[in-house]
Amino acid sequence: MNLPRHPVPPLRWLLALLLIAGGLSPAPAYARPAVPVAAGVTASNAPIRPDPTLTPGDTLDVTLEDIRTVGYSAKVRDVPVAVKRQVYASYGIAHWTKGEYEMDHLIPLSLGGSNSAKNLWPESYLTSPWNAHVKDALEYRLLTLVRAGKVDLKVAQQEMARDWIAAYKKYVGPEPGGRWGTADGVGVNAPATVPGLSLPASPDRRPDLRTGQRGNIPAAPTPAVAASVPTAAGQPTAKVWVNTKSGVYHGPKSRYYGKTKQGQYMSEAEALAAGFHAAPGNE
Amino acid sequence: MASNQKLTRIIAGRTIQASAQEMGLLTLTFSDGSVMKVEVAPSATNAAVNAGVKVKKVRQKGTELDLDFEDGTTCTVQTAEATSSVLLKDKAGKLEYAD
């Protein structure tokens, strides 16, 4: 008995079924409304502040002692890729290339910010003068102040959530103009404008922020650059690379020098003062 | 489902002493005094965790958190969000892990 042969469904039908099945996956408990993309918005002219309805800010139930612990940020899980994609999509960003955006924690992890989508937004590296590099400078500054007991942790969290640019102008300088927010000598190297708050002048430690790049120092130093930097061992002013997530710093001879995903250059003295510690066998 | 290696490294081998769920918060107390709090989805009904079981592995994907125990059982928890729902502190109240 000959049975009619059932034709194999065309490939496009199978693809359509897969797409439909994918769309039926359960929505996350925190449903972020999608924001239509404004025409002409790119990484170069993206908003410099997050949408407060999408990213109001969120914190973990942590104390000042927790964030003072070196390596605190390393105890927090990395943001899953799926969550990052969800956040990009909610901001109407369908495509992006490496180096355009940072998936920023509005209230930074280092100040007790959480990984919730409520605390995440795609922050451009390319806008000027306000961009992800500038906010990183503010975060480092505020962390130093909070750890030193000069600024209350909750106040720092609230100010970051409310308006990070206003917080920058309050704690760093009126505008990022050059190194570490200084512009013609105004900024962090000048006394802070917080009433009653007396801060010592901080040494210039950050790369140039004007260009929107991580300074003129390449993230991965060439051998020539590394050779010109004095070794860190026993030299308080030599540059080390601080892994700001783990709290460990590495000397120029380390394979991690300039290479970790989160980090920055600073002198060994500054690293020690900020509570970071040398990697075992650090050179 | 993918293993949450960071959390597994910390709590593998710990024994559940007690568990309680109230107002969207699941609290697991371990015999070493550490406490793990998990914000759970409001509509989820998570099975109670038996006392005395020892954690073997933690798996996590999206809003599903699976605790695998050495006795072969698994406790599945529906978290409130894909991130920022789990907090682990040691007996002194010091943070050990947050997601």
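Brief notes about the overall build of chain A
Part 1: In terms of regular secondary structure, chain A is built from 8 helices and 6 strands.
Part 2: Across the 283 residues in chain A, those meeting the buried criterion constitute 47%.
Part 3: Of the contacts made within chain A by residues no fewer than 6 positions apart, 67% connect residues no fewer than 24 positions apart.
Part 4: As presented, chain A carries roughly 14800 Å² of accessible surface, and 60% of it is formed by carbon and sulfur atoms.

Topic: the packing of helix 4 (residues 132–147) of chain A against helix 5 (residues 153–162) of chain A
Residues and elements named next belong to chain A.
Part 1: Where helix 4 contacts helix 5, the two axes come as close as 10 Å, and the packing angle between them is 165°. With respect to their mutual orientation, helix 4 and helix 5 come out roughly antiparallel. Considering the relative orientation of helix 4 and helix 5, their crossing is right-handed. For the pair helix 4 and helix 5, the contacting residues are Lys135, Leu138, Glu139, Leu142 and Val146 in the first and Leu153, Ala156 and Met160 in the second.

Some thoughts on the interface of chain B and chain A
Part 1: Each partner contributes residues to the interface: chain B has 17 residues there, and chain A has 21 residues.
Part 2: Carbon and sulfur atoms make up 52% of the area that chain B and chain A hide from each other, which totals about 1500 Å².
Part 3: The interface formed by chain B and chain A holds 2 salt bridges in total.
Part 4: Inspection of the chain B/chain A interface yields 15 residue pairs in polar contact (both at pLDDT 80 or more).
Part 5: No other element matches the 4 residues that strand 8 (residues 95–98) of chain B contributes to the side of chain B that touches chain A.
Part 6: The residue inventory of the side of chain B that touches chain A, partitioned by class, reads 6 nonpolar, 5 polar and 6 charged.

Side note on the pattern of salt bridges
Part 1: For the structure on display, the rule yields 11 salt bridges over all chains.
Part 2: One salt bridge connects Glu65(A) with Arg68(A), and the closest N-O pair in it is separated by 3.1 Å. With Glu65(A) and Arg68(A) both in helix 2 (residues 64–68) and 3 residues apart, this pair spans about one turn of that helix.
Part 3: The partly exposed category is assigned to Arg68(A), whose relative accessible area is 32%.
Part 4: Across the pair Asp99(B) and Arg77(A) runs a salt bridge whose closest N-O atoms are separated by 3.4 Å. Taken together, the residues span two chains, with Asp99(B) in the segment after strand 8 and Arg77(A) in the loop between helix 2 and helix 3 (81–90).
Part 5: Overall, the relative accessible area of 1% leaves Asp99(B) in the buried class.
Part 6: Arg77(A) sits in the buried class, given a relative accessible area of 14%.
Part 7: Here the salt bridges do not stand alone but share partners, grouping Asp104(A), Lys135(A) and Glu139(A) into one network.

Points about unusual backbone geometry
Residues other than glycine predominantly adopt negative phi, and peptide bonds predominantly adopt the trans conformation.
Part 1: Along the chain, Ser128(A) connects to Pro129(A) via a cis peptide bond; the corresponding omega equals 5°.
Part 2: Looking at where Pro129(A) falls in the secondary structure, it is placed in the loop between strand 2 (120–124) and helix 4.
Part 3: The phi dihedral of Met23(B) is positive, around 50°, even though this residue is not glycine.
Part 4: For Met23(B), the location among the structural elements is in the loop between strand 1 (16–22) and strand 2 (25–30).
Part 5: A residue is classified by how much of its surface remains accessible, and Met23(B), at 83% relative accessible area, is exposed.
Part 6: Phi is positive for Ser84(B), which is not a glycine, with a value near 60°.
Part 7: Checked against the element boundaries, Ser84(B) lands in the loop between strand 6 (74–78) and strand 7 (86–89).

Considerations on the packing of aromatic side chains
All names here are of chain A.
Part 1: Under the defined criterion, the tally for this structure stands at 6 aromatic pairs over all chains.
Part 2: Here the aromatic rings of Trp130 and Tyr168 are separated by 5.2 Å at their centres, their planes lie at 85°, and the arrangement is edge-to-face. Taken together, the residues span a long stretch of sequence, with Trp130 in the loop between strand 2 and helix 4 and Tyr168 in helix 6 (residues 164–171) at a distance of 38 residues. Like Tyr168, Trp130 is buried.
Part 3: Centre to centre, the rings of Trp241 and Tyr265 are 4.7 Å apart; their planes meet at 70°, and the pair counts as edge-to-face. With Trp241 in strand 3 (residues 239–243) and Tyr265 in strand 5 (residues 264–267), this pair connects stretches of sequence that are 24 residues apart.
Part 4: Three or more aromatic residues link up through ring pairs in this structure, and these residues are Tyr88, Trp96 and Tyr101.

Looking at the environment of Pro129(A)
Part 1: The class for Pro129(A) is partly exposed, based on a relative accessible area of 25%.
Part 2: When near neighbours in sequence (up to four residues on either side) are disregarded, Pro129(A) contacts Val134(A), Glu175(A) and Pro176(A).

Digging into helix 3 of chain A
Residues and elements named next belong to chain A.
Part 1: Those residues of helix 3 that fall on the buried side of the exposure criterion are Val83, Val87, Tyr88 and Ser90. What you see down the axis of helix 3 is that its buried residues fit within an arc of 165°, all on one side. In helix 3, the exposed positions that point more than 90 degrees away from the buried face belong to Val81, Ala82 and Arg85.
Part 2: For helix 3, the secondary structure elements touched by its buried residues are strand 1 (101–105) and strand 2.
Part 3: Just downstream of helix 3 lies Gly92, where phi reads positive at about 75°.

Reading the values: rules and limits
- Residues numbered from 1 in each chain as written.
- Chains lettered and ligands numbered in written order.
- Predicted model: local features only at pLDDT ≥ 70, side-chain atom pairs only at ≥ 80, totals over all residues.
- Heavy atoms only, no water.
- Helix = DSSP H or I, 4+ residues; strand = E, 2+ residues; numbered from the N terminus.
- Buried < 20%, exposed > 50% of the residue type's maximum accessible area, 1.4 Å probe, protein only.
- Contact = heavy atoms within 4.5 Å.
- Areas by Shrake-Rupley, 256 points an atom, 1.4 Å probe, with all protein chains shown as cover.
- Axes fitted to C-alpha atoms, helices over the stretch in contact; angles between N-to-C directions.
- Parallel < 35°, antiparallel > 145°, perpendicular 65-115°, else oblique.
- Left-handed = near helix turned anticlockwise from the far one by under 90°.
- Buried area = accessible area lost by both parts, 1.4 Å probe.
- Salt bridge = Lys/Arg side-chain N within 4 Å of Asp/Glu carboxyl O.
- Polar contact = N/O pair within 3.5 Å; in protein donor to acceptor, adjacent residues only side chain to side chain.
- Nonpolar A, V, L, I, M, F, W, Y, C, P; charged D, E, K, R; others polar.
- Phe/Tyr/Trp six-rings, centres within 6.5 Å; stacked < 30°, edge-to-face > 60°.
- Arc of directions from axis to C-beta.

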